[in-house]
There are 2 protein chains.
Amino acid sequence: MTETHEACAPFPEPAVGEIRLEAVLHALADPVRLRIVSSLAGCTDQVNCLAFDVPVAKSTLTHHFRVLREAGVIRQVRRGTSKMNSLRSEDLAARFPGLLDSVVAGHRASSRYPL
Amino acid sequence: MTETHEACAPFPEPAVGEIRLEAVLHALADPVRLRIVSSLAGCTDQVNCLAFDVPVAKSTLTHHFRVLREAGVIRQVRRGTSKMNSLRSEDLAARFPGLLDSVVAGHRASSRYPL
DNA sequence: TGCTCAGTACGATAACTCTCGTACTACGAG
DNA sequence: CTCGTAGTACGAGAGTTATCGTACTGAGCA
């Protein structure tokens, strides 16, 4: 199953025009979610939910992913038993140009990862 | 630094290097504060606290201004019986380039003021 | 001295959020 | 069919936040 075939299940998310600035800012104003977003911004591939090394329980992770999805920051798609996550970079850039980039850059800079 | 001699009364605020991204995002993720910041971004002059037409009580306003100041988003200076507020645009731009601009632009766009 | 205006301090309350553990569903592998 | 893996649902507890009203301080003015 190496083919694309991804959009098999749509998940509740706001349309591009429905993305609210406050919701996005609130979604990003949490250390766990900021880390997730920063990780997602790194790779162009989709990543499943448990692949992030954040020190929280599974159910907490579910909560954070829902917040991100409902704010319009990420998109979630079923793939087998997993749920693949990807940033809605283009949608965000269309609605709030430069916002995501500056946040991700700021996070990387202030968490001074060697990478 | 030739200059402005404004600091007649210093108010507790983080140094440029101490401004935390999450605190800034959290400060901006509130409708009242977003409106204040957007208003401040419009004028280059300093504005006193009660000059904003936000539908909240005086004490609530004090709370919001403290959140903004402690996050490093605004600076407050005494002037007579008033307290003048100004955006720390340069400090924010130095630490998180583009962030404030995109947030303000996004807020203006989405609050579709007939302006 | 006394009055007024700008803002603070202090509860108090209601709402929201982050976190967890446990129980549950859904899918795929064997 | 059975089992393991990925994720959800559902409380529940602890902490934070937004909001208010009332009482207070402090600067300027008459």
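Residues numbered from 1 in each chain as written. Chains lettered and ligands numbered in written order. Predicted model: local features only at pLDDT ≥ 70, side-chain atom pairs only at ≥ 80, totals over all residues. Heavy atoms only, no water.

## Some points on the sheet that holds strand E2 (residues 74-79) of chain A
Residue and element names in this part refer to chain A. Sheet architecture is open: three strands sit in the order E1-E3-E2, paired in antiparallel fashion. Of all the strands in the sheet, the pair left with one neighbour each is strand E1 (47-48) and E2. Across two bridges, E1 lies against strand E3 (residues 82-87) in antiparallel orientation. In the strand pairing of E3, Asn48 is matched with Met84. Of the strands in this sheet, E2 and E3 are in contact with helix H3 (residues 58-71), which crosses E2 at around 120 degrees. (Pairing = 2+ DSSP bridges. Helix = DSSP H or I, 4+ residues; strand = E, 2+ residues; numbered from the N terminus. Contact = heavy atoms within 4.5 Å. Axes fitted to C-alpha atoms, helices over the stretch in contact; angles between N-to-C directions.)

## Regarding the packing of aromatic side chains
All names here are of chain B. Counted by the stated rule, this structure contains two aromatic pairs over all chains. Ring plane angle 55 degrees and centroid distance 5.6 Å describe the contact between Phe52 and Phe65, whose orientation is recorded as tilted. Here Phe52, found in the loop between strand E1 (47-48) and helix H3 (58-71), pairs with Phe65, found in helix H3; they are 13 residues apart in sequence, far enough to count as distant. The same class applies to Phe52 as to Phe65, namely buried. (Phe/Tyr/Trp six-rings, centres within 6.5 Å; stacked < 30°, edge-to-face > 60°. Buried < 20%, exposed > 50% of the residue type's maximum accessible area, 1.4 Å probe, protein only.)

## With respect to the environment of Phe52 of chain B
Residue and element names in this part refer to chain B. Overall, Phe52 belongs to the buried group, its relative accessible area being 11%. Along the sequence, Phe52 and Leu40 sit 12 residues apart, while their C-alpha atoms lie 9.4 Å from each other. Setting aside its immediate chain neighbours within four residues, Phe52 contacts Ile36, Ser39, Leu40, Val47 and Phe65.

## Digging into the layout of surface pockets
All names here are of chain B. What the largest pocket holds in volume is close to 480 Å³. Lining the largest pocket are 15 residues, with Arg75, Ser86, Leu87, Ser89 and Glu90 positioned closest to its centre. Every element with two or more residues in the lining of the largest pocket is listed here: helix H2 (31-42), strand E2 (74-79), strand E3 (82-87) and helix H4 (89-95). Of the residues forming the lining of the largest pocket, the biggest block, three residues, is contributed by H4. (1 Å grid on protein atoms, 1.4 Å probe; cavity = no way out; pocket = protein on both sides within 12 Å on 5 of 7 lines; lining within 4 Å. Points joined across faces, edges and corners; volume = space filled by probe spheres on them.)

## A look at the packing of helix H5 (residues 99-110) of chain A against helix H5 (residues 99-110) of chain B
Closest axis-to-axis distance for the H5 of chain A/H5 of chain B pair is 8 Å, and the angle between their directions is 150 degrees. Here H5 of chain A lies roughly antiparallel to H5 of chain B, going by the angle between them. Considering only the axes of H5 of chain A and H5 of chain B, their crossing is left-handed. Of the residues in H5 of chain B, those touching H5 of chain A at Leu99, Ser102 and Val103 of chain A are Leu99, Ser102 and Val103 of chain B. Grouping the constituent residues of the contact of H5 of chain A with H5 of chain B by class yields four nonpolar, two polar and no charged. (Parallel < 35°, antiparallel > 145°, perpendicular 65-115°, else oblique. Left-handed = near helix turned anticlockwise from the far one by under 90°. Nonpolar A, V, L, I, M, F, W, Y, C, P; charged D, E, K, R; others polar.)

## Notes on the pairing of E2 of chain A
All names here are of chain A. Two elements, E2 and E3, share six bridges in a ladder whose sense is antiparallel. Of the residues in E3, the one forming a bridge with Gln76 is Asn85. In this antiparallel pair of consecutive strands, E2 and E3, the connection spans two residues, and Gly80 shows a positive phi of 65 degrees.

## Considerations on the nonpolar core
Formed by 62 residues in total, the largest nonpolar core has its most connected members in Val73 and Leu99 of chain A together with Val73 and Leu99 of chain B. Of all the secondary structure elements, the ones that give two or more residues to this core are helix H1 (21-28), helix H2 (31-42), H3 and H5 of chain A together with helix H1 (21-28), H2, H3 and H5 of chain B. Setting aside residues up to four positions removed in sequence, Val73 of chain B forms contacts with Val24, Ala27, Leu28, Val37, Leu68, Ser86, Leu87, Arg88 and Leu92 of chain B. (Core = buried A, V, L, I, M, F, W, Y, C linked by side-chain atoms within 4.5 Å.)

None of the figures reported here should be taken as evidence of function without further support.
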